[in-house]
Amino acid sequence: MSLIASGLSSSAVGTMAGQVIMQGFVRFRIPLWLRRLVTMAHSFAIVAVGFDATRALVLSQVVPSLILPAPMIALLILTRRRDVMGSYANGRFTAAAATAAAAIVLVLNLVLLLQIAGAPLPALA
């Protein structure tokens, strides 16, 4: 049930984001029922096949977390540039805070990858 709930939540966000992009940028429309089917089908398929739903739910969150640093770094670069953002470009404090947040995410992802690989990690404290 948790995997289905996660899929529905993800589906709603993904469907809305995709709708805005498709309609606003490329002027392409896909029927609502088809968008929902495509974004939810994988959740139902995983449950139907019989995979452990809890493990699938965890993995469904791990994979996007590993991809997260790429757009974060792109945003850091683009939001500091005055030629791109004009007067809305990040100031030094905001850029420093965003860089620190991106660094924390990168380090945590590295720790996650090392744990998945079975590498021994030093104990903190």
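Residues numbered from 1 in each chain as written. Predicted model: local features only at pLDDT ≥ 70, side-chain atom pairs only at ≥ 80, totals over all residues. Heavy atoms only, no water.

Q: Sorry, what's going on with the side chain of Thr79 here?
A: Relative to the assigned elements, Thr79 resides in helix H4 (residues 69-80). Here Thr79 falls in the buried class, since its relative accessible area comes to 16%. There is a polar contact of 2.6 Å between the side chain of Thr79 and the backbone oxygen of Leu75. Not counting residues up to four positions away in its chain, the partners in contact with Thr79 are Met85, Ala89 and Asn90. (Helix = DSSP H or I, 4+ residues; strand = E, 2+ residues; numbered from the N terminus. Buried < 20%, exposed > 50% of the residue type's maximum accessible area, 1.4 Å probe, protein only. Polar contact = N/O pair within 3.5 Å; in protein donor to acceptor, adjacent residues only side chain to side chain. Contact = heavy atoms within 4.5 Å.)

Q: Sorry if this is basic, but what is going on with a nonpolar patch on the surface here?
A: Residues Val63, Leu66, Ile67, Leu113 and Ile116 make up a contiguous nonpolar surface patch of roughly 450 Å² in combined accessible area. Elements represented by at least two residues in the nonpolar patch include exactly helix H3 (53-67) and helix H6 (92-117). (Patch = residues over 30% accessible without salt bridge, like charges linked within 9 Å, V, L, I, M, F, W, Y side chains within 5 Å. Areas by Shrake-Rupley, 256 points an atom, 1.4 Å probe, with all protein chains shown as cover. Salt bridge = Lys/Arg side-chain N within 4 Å of Asp/Glu carboxyl O.)

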